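Take a look at the letters that make up each chain.
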Amino acid sequence: MGVQRATALWRVQGSALALLLLFMSMASAEPLRWASDASSGAPYVFHDPADQSRLTGYETDLITALAAHLGQTPVFVQNDWDGLIPGLQRGLYDVVIDGIEITPEHRAALDFSTPYYRTAERIAVRRDAVGLDGIAALRGHVVGTLKDTLSQRLLEQAGGIALRSYDDETNAYSDLADSRLDAVMLDAPIAQYYAVPDPRLKLAGVPIGVLSYGIAIRQGREALQTRIDAGLEAMRRDGELRRILQRWALWTPEMAAFTNDASPERVAPVDWRHWLKATRPTAGWRQALARYAGFLPLIGQAALMTLAVSACAMVVAVAVGLLLALARRYGRWPLRVAATAYIEIVRGTPLLIQILLIFYGLPSLGIRLDPFLAGVAALGLNYAAYEAENYRAGLQSVPHGQMEAALALNMTRAQAVRHVVVPQAFRFVVPVMTNDFISLLKDSSLVSVITLTELTQAYERLSTTYYDYLGTGLLVGAAYLLLGLPFVRLARLAERRLAVGHPK
Amino acid sequence: MSPAAIVRVRDLRKGFDGQLVLDGISLEVSPGELLSVIGPSGCGKSTLLRCLNLLEIPDSGEVALAGHVVSRSGKPWRRSDEAAAHALRAAVGMVFQGFNLFPHRTVLDNVMLAPRVVKRVAGAREAMELLDKVGLAGLAGRYPTTLSGGQQQRAAIARALAMAPRVMLYDEPTSALDPERAEEVLGVMRQLDAEGMTQIVVTHEMRFAHAASDRIAFMEAGRIVELGHPDVLFSAPSDPRTRRFLRTFL
C-alpha cells in the first residue's frame, strides 16, 4: 500500500516534471533558422508555382516537421546557392537543407545530420535517343550535369565524356531538349521533377551510384546536431518521413530499406500531382496572362529591393568617389597614393568577390553587417572607384584658369574646388553617372548571394519553375527598364539645367 | 626704397625647367600709380605679374604688397607660405586675358561669389553698383557666354573690385578683344585710375600705355631694361633694345 502510494506520487511528480520541462522548452524555444536556395528548384525547397508566396518542397515539409519535433518555430532564410555554406559558417542561420550531399570534402568544413534521403543518379536523354543507358555508353557524347555533384565526379572518372557543368538543372534539361546536349545525369529527384514530365525527354538505364543528403550544421554545434538526429530518428520511426516522401512521390524501395520502414500504408502523392498540374504548359493566352499576373507581386517586391540597394549604393558611390577624386587631384602624396591604390585594387578585382568578402569575410575581423548594409557597402564602395575616375576626368576638364581666377579672388584652394571647380566638373560627369547608375541597377543582382531577394533572383526562381525563360525574362527585363527610365529622365533634366551658360 | 610704395618687389627670380624667366626684378609702385609693363613675348612680364599675387611662386626674392610680405629663398613652398600668400591676395585683384568668368553662374553671381564665400557677406547691392559702374547693370542676370568679350572683361573687373582690392593687376586685358571692345575696357581702367586705384597692366596697347600710364616698364629676357615716364620712354629711350622693340609698333 505504502509502496503503491509512493509509486503513484512519483508518477504525479514525474509527469509534473515532464510538463515543466515542456513549458521550459516552449518558453525558451528559439526559432530554428534554416536556409535554402528556393530558386534552385523542385522538389527540394521552392515556391509553389501556383502561389508564389507559398514555400513548398519535400525538404520544406521535412524541416517543418522536424522543427515541430524540436519544439522550435522554423524560420526560412533565402540565400543564393553559392552563399548557403558561407552564411551557415557566419552564423546567419542554424542549418542548411538543400539536397546537400554528404561527402568527405563537405565534412571537412561542415557537420551533417544523419542522412534524411538516399538516392542515386539518373540519366535523361531525348525521347528518340537509343543506347545511352549507362556511363560507359556516354563516352564520346556531350553530357550535362550540375557542378560539384556525385554525377559530375562519376562522369569525370569515366573519361572521354564532354562534360558541361551547369548551375541550374532547368538549363541542363532545356539544353538537352534543344539538342545542345546528348544526355543529362542528375540526382533522381531532379530527374523525376524535370525530365519525367517533359514529353521530349525520357529516363534511360538504371539508377547509378548512391548518395545521401544531410542537413548541414555549423561545426561545433554538437547539441543541435544531437537534437536534430534524434528528431530525424523519431520521424523515421513514426512513419512521418515516409508519409512526406510519399506525398512527393519520392518514396523508393531503397528508402524503405534504408529506414527499415516497410509499412504498407499508402499516402497519395498529392504534392507530386499538384506540381504536374501547376507546371503543365499553359494552353491559352488567358492562362498565360493569369500566370504572369501571379508573378507581379514577387517581381514588384524584388524590384523595390533592387531599387533600394542600387539607390543607396549610388549615394555611397558618389560621395566616396568624389572624395577619392579630390584626394587624387588635390591631395598631398600619401593621400594621392592611397586613393590611387584603392581605385586600382577595387577596379581590378571582381565585384562578386568583394561582396562575399564584405559579407562573409569581415565578420572574422569582428565587423558584422546585415545583408542590406553589406550589399549597399559592397556595391557603393565598388562603384566609388569608377565614379572617382569619372570625377577626376571631370575635374581635369575644368580649365585651369577657373582655379586661378578663384584663387586671385582670395578664395582658398578648398573654397575654389567647392564653389568653382566641382560644380563645373559635375556637368561633364552627369551623362556618365547616369550610365553608371543603370549599370549599377543591373550589377545589384549580385547581392542575391547574400540572401537579398532582388529582381534577378526573382527571375531565376520564376523561370526555373516553368522553363519559361522568354516570358519571365521579358517581364523582369521590363522591370529593370522601368526602374532605370526615371533616372535617365532625371539625368536629362539635370544635364539641361547644368548646361545653362554653356554654349551648345 | 620709398616707404610710401604700395608694391615693392626685390630681386625676384623665377625659373621654369632650368630656364630663368625672371632674372632679378626689383620694382616699386606708388599708391594711385598706373604702371604699364611692356616687352616682347616671353620676356617674363606675365610671370612677373603673376608673381605679384603668388599665382606663380618665385624661387627667390621678396614681394611686399600693402603691408603683406612673402619672402622666398629657394625652400619648398609650405603651408605657412600659402597662408601668407592668401593674406596678400586679399589686397590685390586680377584680370586675365581670357576673362576666366565662372560660366556656371550669372554675371551678378560672378561678382557676388567671392565676397559670399570668403567674407560671408551677401553684397547684392554693392555688386549691382559695381556692375553699374562698368556699364553692365542691365546684364546682371545673363550668363557670361552670352556676353561680348568687352562685356565679359568689364564683368571680370567688377568681380575683382567686389573684393575691395588696393591694387589691380591686368594680364593683357584687351588682347582677346577687337579695338572697339578694347576701348570699353580701357575706359573702365582710366576711370579707376582717376579714382586713385593702383594698377599694374601688362599690355600690348602702346597707345593706351603711352596715354594713360604714369610710368612704363620695358622688359626683355627676364629683366626690366628701362623704366620711366611714357613720354621719355617713347620719344627718347635710353636703351637700344627698347628702341628696337618700340619701332615694331610704329
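Everything discussed here concerns the structure shown above.
Keep in mind that what you see is a predicted model, and the values were worked out from it rather than measured.

Participant: So what exactly am I meant to see when it comes to the overall build of chain A here?
Facilitator: Along its length, chain A carries 19 helices and 12 strands. A principal-axis box enclosing the C-alpha atoms of chain A has dimensions of 105 × 75 × 50 Å. The buried share among the 504 residues of chain A stands at 49%. Within chain A, counting contacts between residues at least 6 apart in sequence, those at least 24 apart form 72% of the total. Of the roughly 23,800 Å² of accessible surface on chain A, a fraction of 62% belongs to carbon and sulfur atoms. Separation between the mean location of the 48 positive side-chain charges and that of the 46 negative ones in chain A comes to 7 Å.

Participant: What am I meant to see in unusual backbone geometry here?
Facilitator: Comment: phi is negative for the bulk of residues other than glycine, and the bulk of peptide bonds are trans. In this model, Ala 42 of chain A is joined to Pro 43 of chain A through a cis peptide bond whose omega is -5 degrees. Note on placement: Pro 43 of chain A falls in the loop between β1 (32-36) and β2 (46-47). We note that Glu 172 of chain B has phi near 45 degrees; this positive angle belongs to a residue other than glycine. With respect to the helices, strands and loops of the structure, Glu 172 of chain B is situated in the loop between β7 (167-171) and α6 (179-194). Not every positive phi belongs to a glycine, and Ala 221 of chain B is a case in point at roughly 50 degrees. By the secondary structure assignment, Ala 221 of chain B is in the loop between β9 (215-220) and β10 (223-228).

Participant: Explain the interface of chain A and chain B here, please?
Facilitator: A common way to state how big an interface is: give the accessible area lost once the parts meet. Each side of the interface is counted separately: chain A has 21 residues, and chain B has 25 residues. Together, the buried faces of chain A and chain B total about 2,100 Å²; carbon and sulfur atoms form 60% of this surface. Among the residues chain A hides against chain B, the three largest losses belong to Glu 404, Leu 409 and Asn 410 of chain A. Together they make up 29% of the total. Along the contact surface separating chain A from chain B lie 1 salt bridge. Between Arg 50 of chain B and Glu 404 of chain A there is a salt bridge; the shortest N-O distance is 2.4 Å.

Participant: In this structure, what is going on with the packing of helix α2 (residues 58-70) of chain A against helix α8 (residues 222-237) of chain A? I would like to understand it.
Facilitator: Residue and element names in this part refer to chain A. Direction vectors running N to C along α2 and α8 enclose 110 degrees, while the axes themselves pass 9 Å from each other. On the basis of the axis angle, α2 is roughly perpendicular to α8. In this structure, α2 contributes Leu 62, Ala 65, Leu 66, His 69 and Leu 70 to the contact, and α8 contributes Arg 227, Ile 228, Gly 231, Leu 232, Ala 234 and Met 235. The residue makeup of the contact of α2 with α8, split by class, is 8 nonpolar, 2 polar and 1 charged.

Participant: Can you help me understand the pairing of β1 of chain A in this one?
Facilitator: When a strand is regular, its side chains alternate between the sheet's two faces. Residues and elements named next belong to chain A. For β1, the buried fraction is high: 4 of the 5 residues fall into the buried class. Here β1 runs beside strand β4 (residues 74-78); their pairing, made up of 5 bridges, is parallel. Each bridged residue has a counterpart across the sheet, and for Leu 32 the counterpart in β4 is Pro 74.

Participant: Can you walk me through the nonpolar core in this structure?
Facilitator: Generally speaking, nonpolar side chains in soluble globular proteins are found buried as a group. Counting residues in hydrophobic clusters, the biggest one holds 68 residues, and the most contacted among them are Tyr 58, Tyr 116, Tyr 173, Ile 215 and Ile 228 of chain A. Of the residues forming this core, the biggest block, 7 residues, is contributed by α2 of chain A. Taken domain by domain, this core gets at least three of its residues from each of domain 1 (2-115 + 215-279) and domain 2 (118-210) of chain A. If sequence neighbours within four positions are ignored, Tyr 58 of chain A has contacts with Pro 43, Tyr 44, Tyr 116, Tyr 117, Tyr 213, Ile 244, Leu 245, Trp 248 and Leu 250 of chain A. Tyr 391 of chain A together with Leu 48, Val 63 and Leu 88 of chain B belong to the second largest nonpolar core, which has 57 residues in total.

The rules behind these values
- Residues numbered from 1 in each chain as written.
- Chains lettered and ligands numbered in written order.
- Predicted model: local features only at pLDDT ≥ 70, side-chain atom pairs only at ≥ 80, totals over all residues.
- Heavy atoms only, no water.
- Helix = DSSP H or I, 4+ residues; strand = E, 2+ residues; numbered from the N terminus.
- Buried < 20%, exposed > 50% of the residue type's maximum accessible area, 1.4 Å probe, protein only.
- Contact = heavy atoms within 4.5 Å.
- Areas by Shrake-Rupley, 256 points an atom, 1.4 Å probe, with all protein chains shown as cover.
- Lys, Arg positive; Asp, Glu negative; His and termini not counted.
- Charge placed at Lys NZ, Arg CZ, Asp CG, Glu CD.
- Buried area = accessible area lost by both parts, 1.4 Å probe.
- Salt bridge = Lys/Arg side-chain N within 4 Å of Asp/Glu carboxyl O.
- Axes fitted to C-alpha atoms, helices over the stretch in contact; angles between N-to-C directions.
- Parallel < 35°, antiparallel > 145°, perpendicular 65-115°, else oblique.
- Nonpolar A, V, L, I, M, F, W, Y, C, P; charged D, E, K, R; others polar.
- Pairing = 2+ DSSP bridges.
- Core = buried A, V, L, I, M, F, W, Y, C linked by side-chain atoms within 4.5 Å.
- Domains from an automatic or database assignment.

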